[in-house]
Amino acid sequence: MHPRDFQLPAAAFSGPRDLRIRWLGTAGFELVAPDAVLYIDPYLTRVSLGRFLFRKLVPHADRIAALAADAAHARARAILVSHSHFDHALDVPLLAKLTGAHVYGSRSTANLMQAHGSEAATALEHGRRTTFDCGSFRVTAVPSAHSTFALGGRVPYAGDIPCTCDIAGGGLKGGAYRCGDVFNFLIEYGDFRMYHLGSANLAEDQIPSEARGVDLLLLCIVARFATEKFIPRTVAALSPGAVIPMHYDNMFRRADKPMMLLPRTDFGRFVDDLRAVSGEPTVVTLPLTSFASAPPAASPLPPPQGLTTP
Ligand SMILES: [Zn+2]
């Protein structure tokens, strides 16, 4: 099985009539409502592996400007950042600057924003859940954990981006994008509930009861091998009606090249594991949005199980 086997043609998608979603690659999504735009972990730059390892990382300004231009109509804009690794946080300061979006993430993410001269960030406390509104969206940040897939069963590049971080020399190297605290996001849009889980680990005791039975789970599936019983535990905690798996694309490749999966994605095993514990959930994959040329129009959400669609 391959993600493309679960990709519906855009014309077949239907969901909440006025809500649109695009997958930006990795854990990145854009949610567009008539009055607001939410970005989650937007990462369009997709640096090469060589650059990640040896050079300072520079956001791809043209791609980020193209994304920002698409949201120019919205009155409310926010960027949610699950953690501050490069593939979740590198593009956030520039996108925030171009869109005027407010950033919600860890202290580590707020330090990164500050290093770029911006105070437009809220440092979420990791000891509790935080709820806030962005236009019609109600967001609850839920403390969570990162997959421990580095050698020795550790979180890769653990720790915080310090408040003393200095980008004056042309940016930070990949490894300087420390993980920081990790958050999931429960996003409510009217009666429709989504849950973004940006690293393949979870803290069940932090998940609020409102997240049970979410209509749609945006689920990171890379490096899930490091978390014991990740799929069964996630399904037990959230009972999602539908799942959009993500963060399986090789983010060191450009989005306009044929997609390659990250090592150990084992997509078929993911589907089998999901079905083993939850029967026949709706699994849908979204096309990877490329900003190398004109980006495709946003697709309405796929219909989760049990949801009556217009
Ligand atoms: Zn990470």
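Just so we're clear, the structure is a prediction, and the values are computed from it rather than from any experiment. (Residues numbered from 1 in each chain as written. Predicted model: local features only at pLDDT ≥ 70, side-chain atom pairs only at ≥ 80, totals over all residues.)

## Topic: helix α7 (residues 267-278)
(1) Moving on: The end-to-end C-alpha distance of α7, which contains 12 residues, comes to 17 Å, matching closely the 16 Å that a straight helix rising 1.5 Å per residue would cover.
(2) Moving on: Among all positions of α7, only F270, V271 and L274 are buried. Down the axis of α7, the smallest arc covering the buried residues is 95°, so these residues share one side. Exposed residues on α7 whose side chains face more than 90 degrees from its buried face are G268, D272 and A276.
(3) Moving on: Along its buried surface, α7 packs onto α6 (230-238), β12 (242-246) and β13 (282-283). (Helix = DSSP H or I, 4+ residues; strand = E, 2+ residues; numbered from the N terminus. Expected span 1.5 Å × (residues − 1). Buried ≥ 20, exposed ≤ 12 C-beta atoms within 10 Å, placed from the backbone. Arc of directions from axis to C-beta. Contact = placed C-beta atoms within 7 Å.)

## Here we look at helix α5 (residues 107-115)
(1) Moving on: For α5, every residue scored as buried is listed here: S108, T109, A110, N111, L112 and M113.
(2) Moving on: Just past α5, the residue G117 takes up positive phi, approximately 80°.

## Things to note about the packing of helix α2 (residues 61-70) against helix α4 (residues 92-99)
(1) Moving on: Direction vectors running N to C along α2 and α4 enclose 45°, while the axes themselves pass 9 Å from each other. Taken together, the axes of α2 and α4 lie oblique to each other. For the pair α2 and α4, the sense of crossing is right-handed. Only L94, L95, L98 and T99 of α4 make contact with α2, whose side of the interface consists of A61, I64, A65, L67 and A68. (Axes fitted to C-alpha atoms, helices over the stretch in contact; angles between N-to-C directions. Parallel < 35°, antiparallel > 145°, perpendicular 65-115°, else oblique. Left-handed = near helix turned anticlockwise from the far one by under 90°.)

## Digging into unusual backbone geometry
(1) Moving on: Of note, the phi angle at D41 is positive, near 45°, even though the residue is not glycine.
(2) Moving on: Checked against the element boundaries, D41 lands in the loop between β3 (36-40) and α1 (49-54).
(3) Moving on: Classification of D41 by C-beta neighbours within 10 Å gives buried; the count is 30.
(4) Moving on: Phi is positive for R46, which is not a glycine, with a value near 50°.
(5) Moving on: Within the secondary structure, R46 is located in the loop between β3 and α1.
(6) Moving on: Residue classification places R46 among the buried positions, given that 24 C-beta atoms sit within 10 Å.

## Details of the nonpolar core
(1) Moving on: If you look at the biggest cluster of nonpolar residues, it comprises 85 residues, and the most contacted ones within it are L38, I79, L95 and L218.
(2) Moving on: Tallying contributions element by element places strand β9 (residues 182-189) first for this core, with six residues.
(3) Moving on: Those residues in contact with L218 that sit more than four places away from it in its chain are F29, M194, Y195, H196, L197, I244 and M246. (Core = buried A, V, L, I, M, F, W, Y, C linked by C-beta atoms within 7 Å.)

## As for the pairing of β12
In regular strands, side chains alternate between the two faces of the sheet.
(1) Moving on: Of all five residues in β12, five are buried, a share of seventy percent or more.
(2) Moving on: Of the two faces of β12, the one carrying A242, I244 and M246 and the one carrying V243 and P245 are both buried.
(3) Moving on: Here strand β11 (residues 216-220) pairs with β12 via five bridges, running parallel. Note that in β12 the partner of C220 across the bridge is M246.
(4) Moving on: Viewed along the sheet, the connection from β11 through α6 into β12 turns out right-handed.
(5) Moving on: Relative to β13, β12 runs parallel, the two being bridged by two bridges. Paired with A242 across the strands is T282, a residue of β13. (Pairing = 2+ DSSP bridges. Right-handed = clockwise from strand over helix to strand, strands pointing away.)

## Some words on the sheet that holds strand β10 (residues 192-197)
(1) Moving on: Taking strand neighbours across the sheet as the criterion, the seven strands line up as β7-β8-β9-β10-β11-β12-β13 in an open arrangement whose pairing is mixed. The strands lining the two open edges of the sheet, one partner per strand, are β7 (130-134) and β13.

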